[in-house]
Number of protein chains: 2
Amino acid sequence: MFFDIKLDKKRPVYIQLKDYIKNMILRGMLTAGEKLPSTRELALMLKISRNTIIYTYDFLQDEGLIYIKRGRGAFVSDVKVDFQKKWDINWDERINNYAREAEKLDIIKSEIKWEKGMISFKSIAPDDKLFDVENFKKSFLNCISREGGKILNYGYAQGYKPLIEYLLKYMGNKGVDTSGKDILITNGFTEGFDLILSCLTNEGDKVICENPTHNTAIKIMRLHKLNITGIDMESTGINLNDLSQKLDRDKFKLSYFIPSYHNPTGIVMSPKKRTELYNILRKHNVPIVEDGFNEELRYLSDHVSPIAALSGSGNSVLYIGSFSKILFPGLRIGWILADKNLIGYLESAKRSRNIHTSFLDQAVFCDYLREGNFEKYIKKARKFYKDKYEVAIKLAEKYIIRSRIYGEGGLHIFVKLDNINSRKLLENCCSRGVIFTPGDIFYTDGGGKDTFRLGFPRVSNEDIEKGFKIIGEEIKKLY
Amino acid sequence: MFFDIKLDKKRPVYIQLKDYIKNMILRGMLTAGEKLPSTRELALMLKISRNTIIYTYDFLQDEGLIYIKRGRGAFVSDVKVDFQKKWDINWDERINNYAREAEKLDIIKSEIKWEKGMISFKSIAPDDKLFDVENFKKSFLNCISREGGKILNYGYAQGYKPLIEYLLKYMGNKGVDTSGKDILITNGFTEGFDLILSCLTNEGDKVICENPTHNTAIKIMRLHKLNITGIDMESTGINLNDLSQKLDRDKFKLSYFIPSYHNPTGIVMSPKKRTELYNILRKHNVPIVEDGFNEELRYLSDHVSPIAALSGSGNSVLYIGSFSKILFPGLRIGWILADKNLIGYLESAKRSRNIHTSFLDQAVFCDYLREGNFEKYIKKARKFYKDKYEVAIKLAEKYIIRSRIYGEGGLHIFVKLDNINSRKLLENCCSRGVIFTPGDIFYTDGGGKDTFRLGFPRVSNEDIEKGFKIIGEEIKKLY
C-alpha cells in the first residue's frame, strides 16, 4: 500500500493522493475501520510535506471517506462500493428510429477520414490563423472585469441582452425592418433551424428548398420526418418556374433558402431573383426561412440585401444568422430574427432543450463586436478568401476538365462532372491522397451523383494546385 | 444630410459613419448615382480626421454600397431595398402542439417575477460571489496561449478530448467502472436528459420517477409525450414497495432518479436504498437514468457512491453529471456517462442539434479542473452552503410552524403544510415581499398543492430570517 503510487509533481499532489486513497477505499483495498498511516509517517514515506498529507486527509474526511478519532488517528469509513450482479442491456435494440436515423445521416461517421499528408477539400471551416485572438482575449478580460462571476452564472434563454440589442441593430443595418420582431440567440445555425422545425412542422409536412442544399439542413428536415421537395438550381440560382409550379401543385408548410454563396454551389441569388422569390412565396403564403450563410463574406458583386429586408415590417421571413461560419465557429453562436410572438415560442422550446447558450461566450463575443473588431476582421477575411477563391477558380478551370464549375466566391466551389460518378472519382483521388465532399449528400432526391464540392479555406495555394491537378488527372482516366 | 449624425467618440467612429451612410443608401435617402461629399469635405463637416472618412468609404465600397470613379469621387450604388407588399402570418395559428406545450410548461413565463426589494427563495442557482474568477481567468489565458485560434474553430460533437478524459477519471474516482463506457459532453443536464429521451423513447412510452421530482425533467418528459408514473417519497426517499408494485403492473421504458439532495425534497438516498433500488430495476430490466444533481455538495453524511458505481462493468445505468448546478452554470457544461455504443447514437443526435458544446468553454473548464481548482472551490462551497443550510433549517423549524420540513443539505429545503394551499400562501407572502416556489410544479400527478420549496444559496442570513418569519406568520393566518 502506498508503494505503487506515482506522483506527478506538476499536478496538485494532494489531489492525486486523495484520489489514490479514495480509490483504494471504494474498491475495498483499504477496509472499513482500518487505520491509515499517521500524517507524519505518510509524509516521510512519500517524501512530501506533512501539510500536504493533512490537507489530503481533511479532504477525505469532507467526502465522508475516512473519520478522525481524536488522538488516535484516521480510519477508513464503511463506504466500499458493493458491486451488484452484472446487468447488461442491448442498446442497439433499445434505441428508437430517431437515434438510428440520426446516426445513419451523420455523414462524419461514414465519410473518408483525413489522414496525415492528405490534401483535404472537405472542410469549409474558416482558417483560424486569421482569427484576431488578441482582441478576443481583450474582450474576455473586459467582460470578466466588468461582470465578474455573474457572467458565469445562469442567464436567460433568449440570450444576453446587449448581444440581442447589437444584433437587432446589425440586422437593421442590413436594411431589415426589425419593428415587431425579436431575436433568439441559438447554438449556431443548426440549433436555430432545428428549433424552427420543432415548433412549426409536424411529421409528414411538406417543405420546399433548393436542390442541392446544405447537408445539415437536409439532415435536420429528415430527422423531423418532413417531406422535402427540392427545386432545381440554374447557374443563376433557383429555378423560379420550377418553384412556382411545385407551389401550385402542393401545399407547403415552410420554405428554406440560402441566397448568398449558396451551399454547396456558391451561387449568389441576385436582388431581382430575391424579390421574385419573395413574391412567389407570398402569393402561396409559405413562410420563408432564410439562411444568412456567409452573407458577410460577399465581395464580388454589388451589395445585396437579405430577403428578410424585402419584407419590410411584414413578419413572414425567419432569418437565421451566424457569424460562426467565418468567425469563431467553436463558440456556437447564431441567432434567429423573427416575429416577436414566434420568438416567444422558440425561446420556450430553447429553454426546454438547454436552458440557454453559454453566457460567457455571448458576453465576450458581444464585447468583441462592439469594439469594432468584426469589421476589421471581415475586411481581412474578405481579402484573404477572395484571393483564395480566385486562385481556386483559376486552377479549377485549368485542371478540372470536362466539368461545369459553379461558385461566385465564399469558401468553396462546386463541380458538375459529365456523367462521371463522383464517389468513384473520390475513391481514386483518395488513393492518391486527395479528398473532397461528394455532391450527392447535398441532394434532396438522391441526385447529384456526378457532382462534388471543393472547400478551400484552409488549403494552401500550393496544395490547391497539387490537389486539383490530381483530381483533373483522375477525371481524365475515368473518361 | 450628415447633419443629424451623432457620433459617440467612445465607439469606433468609422463604423458609426459607415452604418449611418449604409442606412441612408438602403432606405433610399441617398439615391443611386448620387455623389457623396469628398473625403476632405466630409472630414471638415464632421470634424473628424480625413483618414477616418477614407477608411469608411473603403468599407462602403467593399460592401458594394458605393463605387469610386477615379478622379471624380464616390457615388451611391443602386442597392436601395425595394420593400415589397406587406405579408403577415398569424404565427399563433401556425405553431404546432410542441411549441404550444413548450410555452405552457415554461414556468418562468407564468411564475411571479422578482421585483426590487423582494426576498426570493425561488432560485437554487449558486452564489457567484464564491466563484474563483481569478483562476478561471488564468485557465482562459492558459488555453488561449496554448491553443490560439484553434480553440475558437469547430470541434467535435462528442466533446473536447482532454475534458472527456478528465471526466472519465473523475467518474472512476467515484467508484464507477468506466470500461466499455464513454462520455458525451452536453449543454448541461437539460440537454443530456433531452437527448436520452430523444434516442430511447417514443410517444406514449411509460417512464417511472420519484414524485415529486425535478421540474425541468417533468417538462422534458411531457414534451416527449411520455406517460409518467411517479413514486411516492418517504422521509428517507423513494418508497420501494410502491416502486416494486408499479413495476410489476406496467412495462416501463426508462426510470429517472435523483439520489443526492433530491430536487425538490433535499433527501439523500442511503447506500442501502440505492442498492435495493438498483436490484429492483435490474429485475424488471428497466434502465436507470441517474441525475448526479448536487452530488458534489454532499457534506452531512458518510460518502455515498452513485448508483452508476453499483453496476460495476454493467451498462444499464446512464449517469448525467453536471458541475454547473454549483459551479459556472452559465457555461452550460454537463455530461452523459453511458455504454460506449449508446454514446455513439447520442453523439449523432447531438451533432444534428447543435454540432457541439462551445469548445472554448470546454477547454477553459478542463484547464480549471486539471489545475485542482474544483477541489479548492468545492471545499469552500461545501462549508458555505453547509452553514447556510444549517441557518435555514434552524430558522425554518423556528418559524415555519405546523409543517413538515424536508432536506438534508444542498441548496434548498422543502416544506409540506398541513392542508394549506401553497399558492394561496405564496400570494399572501408575495404581497409582503417574500416569494418561493410552489411545490405542485414538481409533482407528476397534480399533487403537492400543500408543498413549497425554499432555495437559499443567494439569500443573506438576515433575509432568510426575515423571509421565513413572514412565511410563518402567513401560515398562521391561513389556519
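Residues numbered from 1 in each chain as written. Chains lettered and ligands numbered in written order. Predicted model: local features only at pLDDT ≥ 70, side-chain atom pairs only at ≥ 80, totals over all residues. Heavy atoms only, no water.

- As annotated in an unreviewed UniProt entry, chain A carries the name DNA-binding transcriptional MocR family regulator and is attributed to Clostridium algifaecis.
- Under Sequence similarities (unreviewed entry), UniProt gives the following word-for-word description of chain A: "In the C-terminal section; belongs to the class-I pyridoxal-phosphate-dependent aminotransferase family." (UniProt positions renumbered as here; feature names shortened; annotations may be inferred.)

## Concerning the packing of aromatic side chains
All names here are of chain B.
Stage number 1. If you walk through the whole model with that rule in mind, you get 55 aromatic pairs over all chains.
Stage number 2. Taking 6.4 Å as the distance between ring centres and 55° as the angle between the ring planes, the aromatic pair formed by F136 and Y368 counts as tilted. Taken as a pair, F136 in helix α6 (residues 133-147) and Y368 in helix α14 (residues 359-370) lie far apart in primary sequence, 232 residues in all. The burial state of F136 is the same as that of Y368; both residues are buried. (Phe/Tyr/Trp six-rings, centres within 6.5 Å; stacked < 30°, edge-to-face > 60°. Helix = DSSP H or I, 4+ residues; strand = E, 2+ residues; numbered from the N terminus. Buried < 20%, exposed > 50% of the residue type's maximum accessible area, 1.4 Å probe, protein only.)

## Regarding the pairing of strand β13 (residues 412-417) of chain A
Every regular strand shows the same layout, with side chains that alternate between the two sheet faces.
All names here are of chain A.
Stage number 1. The element β13 is largely enclosed, with a buried count of 5 among its 6 residues.
Stage number 2. Across 4 bridges, the pairing between strand β12 (residues 403-406) and β13 is antiparallel. Within the sheet, the bridge partner assigned to Y406 lies in β13 and is F414.
Stage number 3. In sequence, β12 turns back onto β13 through a hairpin of 5 residues, with G407 there showing a positive phi of about 130°. (Pairing = 2+ DSSP bridges.)

## Here we look at the packing of helix α8 (residues 188-200) of chain A against helix α13 (residues 340-354) of chain B
Stage number 1. The interhelical angle for the contact between α8 of chain A and α13 of chain B, taken along N-to-C directions, is 90°, at an axis separation of 5 Å. Classified by the angle their axes make, α8 of chain A and α13 of chain B are roughly perpendicular. Of the residues in α13 of chain B, those in contact with T190, E191 and D194 of chain A of α8 of chain A are R351, S352, R353 and N354 of chain B.
Stage number 2. Looking at the contact of α8 of chain A with α13 of chain B residue by residue, the classes come out as no nonpolar, 3 polar and 4 charged. (Axes fitted to C-alpha atoms, helices over the stretch in contact; angles between N-to-C directions. Parallel < 35°, antiparallel > 145°, perpendicular 65-115°, else oblique. Contact = heavy atoms within 4.5 Å. Nonpolar A, V, L, I, M, F, W, Y, C, P; charged D, E, K, R; others polar.)

## Some details on the pattern of salt bridges
Stage number 1. Evaluation of the coordinates by the stated rule reveals 76 salt bridges over all chains.
Stage number 2. E347 of chain B is paired through a salt bridge with K109 of chain A; the nearest N and O atoms lie 3.1 Å apart. Of this pair, E347 of chain B sits in helix α13 while K109 of chain A is found in the loop between α5 (97-104) and β3 (119-120), placing the two residues in two different chains.
Stage number 3. Given a relative accessible area of 31%, K109 of chain A falls into the partly exposed group.
Stage number 4. The salt bridge partner of E473 of chain A is R432 of chain A, with a shortest N-O separation of 2.8 Å. With a gap of 41 residues between them, E473 of chain A in helix α17 (residues 461-478) and R432 of chain A in the loop between α16 (422-430) and β14 (434-435) connect regions that are remote in the sequence.
Stage number 5. Among the residues examined, E473 of chain A registers a relative accessible area of 30% and is labelled partly exposed.
Stage number 6. On the basis of relative accessible area, R432 of chain A is assigned to the partly exposed category, the value being 34%.
Stage number 7. Through salt bridges that share partners, K18, D19, K22 and E63 of chain A together with E375 and R382 of chain B make up one connected network. (Salt bridge = Lys/Arg side-chain N within 4 Å of Asp/Glu carboxyl O.)

## Let's talk about unusual backbone geometry
Stage number 1. Of note, the bond from N263 of chain A into P264 of chain A is cis; its omega dihedral lies within 30 degrees of zero at 15°.
Stage number 2. Tracing the chain through its elements places P264 of chain A in the loop between β8 (254-257) and α11 (271-284).
Stage number 3. Cis peptide bonds are those with omega within 30 degrees of zero, and the linkage from N211 of chain B to P212 of chain B qualifies with 10°.
Stage number 4. Looking at the secondary structure, you find P212 of chain B in the loop between β5 (206-211) and α9 (215-223).
Stage number 5. Backbone geometry places R332 of chain B, a non-glycine residue, at a positive phi of 60°.
Stage number 6. Among the structural elements, R332 of chain B can be located in the loop between β10 (317-322) and β11 (334-339).

## Some thoughts on the sheet that holds strand β6 (residues 227-234) of chain B
Across a sheet, paired strands are connected by hydrogen bonds in the backbone, their directions being either parallel or antiparallel.
All names here are of chain B.
Stage number 1. The strand order β4-β11-β10-β9-β8-β5-β6-β7 describes an open sheet built from 8 strands, whose pairing is mixed. Two strands close off the open sheet at either side, each with one partner strand: β4 (181-186) and β7 (237-238).
Stage number 2. Here β6 runs beside β7; their pairing, made up of 2 bridges, is antiparallel. Bridge assignment links E234 to a residue of β7, and that residue is G237.
Stage number 3. This element, helix α10 (residues 240-249), spans β5, β6, β7 and β8 (254-257) of the sheet and lies at about 155° to β6.
Stage number 4. The sheet contacts of α13 involve β4, β10 and β11, and relative to β4 the element is tilted by about 20°.

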